[in-house]
Amino acid sequence: MNKLLISLLVSIGITGVAHAAGDATAGQGKTAVCTACHSTDGNSVVGNFPKLAGQGEKYLLKQMLEIKSGVRSVPEMTGMLDNLNEQDLADIAAFFASKKVQLGQAAADQVEAGQKIWRAGVADKGVAACTACHGPNGKGIDSAAYPSLSGQHAQYVESTLKKFASGDRNNDPANMMRDIASKMSEAEMKAVSQYVQGLH
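Remember, it's a predicted structure, so these values are computed and weren't measured experimentally.

(A) Main features of the packing of aromatic side chains. Applying the stated criterion across every chain yields a total of two aromatic pairs. Between tryptophan 118 and tyrosine 195, the ring centres sit 6.3 Å apart and the planes meet at 50 degrees, which makes this aromatic pair tilted. One end of the pair, tryptophan 118, is in helix 6 (residues 111–120); the other, tyrosine 195, is in helix 10 (residues 186–197), and 77 residues separate them in sequence. The burial state of tryptophan 118 is the same as that of tyrosine 195; both residues are buried.

This is how it looks when you write it as structure tokens:
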């Protein structure tokens, strides 16, 4: 059953994402507007802004296209992408994907619980293991545009899980993350978010 689920999820991801070829060198010159929140190398220093460094190129492009079109609502990004075309966005995605993410450190009291959720899910609630889509080391599946979570700010991950749970964020393929997050307690969200912050 798990193999079937993973196969289905990968297929949805692969068929659902357009991908322009990005040029990381060209992208560097197009990121000036990004640096205030995400830093010059994509390693944001503020926990509520996601790290973009080392993120999958397809995932980054998908998010920017959906933010620009209004499919994904991110108030802090309002108007930021309006003057950029798809090639510009592909170049920016390639630039940040080429950078190395700076890992954080998980809160020691959350590691055991977070690791259990990451590796095995929460079986009695029907919550799948995070590794199914994000990989054992949190590097994601870029071919399917599933994000890398390794080293991501715990604050951002926890906030994102809460947004999926409430439906405030709804650009996940086939409602996958909304379904998973809606079954998780706030304590479970906190634990797994802390775990990924130090995951590598």
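(B) Quick peek at the packing of helix 4 (residues 57–69) against helix 5 (residues 86–97). Following both chains from N to C, one finds helix 4 and helix 5 inclined at 140 degrees, their axes separated by 8 Å at the closest point. Classified by the angle their axes make, helix 4 and helix 5 are oblique. You can see that helix 4 and helix 5 cross each other, and the crossing is right-handed. Here Glu57, Leu60, Leu61, Met64, Leu65 and Lys68 of helix 4 lie close against helix 5, whose contacting residues are Glu86, Leu89, Ala90, Ile92, Ala93, Ala94, Phe96 and Ala97. Here the residues of the contact of helix 4 with helix 5 sort into 11 nonpolar, no polar and three charged.

(C) The arrangement of the nonpolar core in detail. The biggest cluster of nonpolar side chains holds 16 residues, and the ones touching the most others in it are Ile117, Trp118, Leu161, Met184 and Val192. Sorting the residues of this core by element identifies helix 6, helix 8 (154–166) and helix 10 as the ones contributing at least two each. Excluding anything up to four places from it in sequence, leucine 161 contacts Met177, Ala181, Met189, Val192 and Ser193. If you look at the next biggest cluster of nonpolar residues, it comprises 15 residues, including Ile67, Val74, Ile92 and Phe95.

(D) Spatial organisation of unusual backbone geometry. Even without glycine at this site, alanine 145 takes up a positive phi of about 60 degrees. According to the relative accessible area criterion, alanine 145 is buried, its value standing at 6%. One non-glycine residue, asparagine 175, lies in the positive phi region at around 60 degrees. Relative to the assigned elements, asparagine 175 resides in the loop between helix 8 and helix 9 (176–182). The exposure class assigned to asparagine 175 is partly exposed, which follows from its relative accessible area of 40%.

The rules behind these values
- Residues numbered from 1 in each chain as written.
- Predicted model: local features only at pLDDT ≥ 70, side-chain atom pairs only at ≥ 80, totals over all residues.
- Heavy atoms only, no water.
- Phe/Tyr/Trp six-rings, centres within 6.5 Å; stacked < 30°, edge-to-face > 60°.
- Helix = DSSP H or I, 4+ residues; strand = E, 2+ residues; numbered from the N terminus.
- Buried < 20%, exposed > 50% of the residue type's maximum accessible area, 1.4 Å probe, protein only.
- Axes fitted to C-alpha atoms, helices over the stretch in contact; angles between N-to-C directions.
- Parallel < 35°, antiparallel > 145°, perpendicular 65-115°, else oblique.
- Left-handed = near helix turned anticlockwise from the far one by under 90°.
- Contact = heavy atoms within 4.5 Å.
- Nonpolar A, V, L, I, M, F, W, Y, C, P; charged D, E, K, R; others polar.
- Core = buried A, V, L, I, M, F, W, Y, C linked by side-chain atoms within 4.5 Å.

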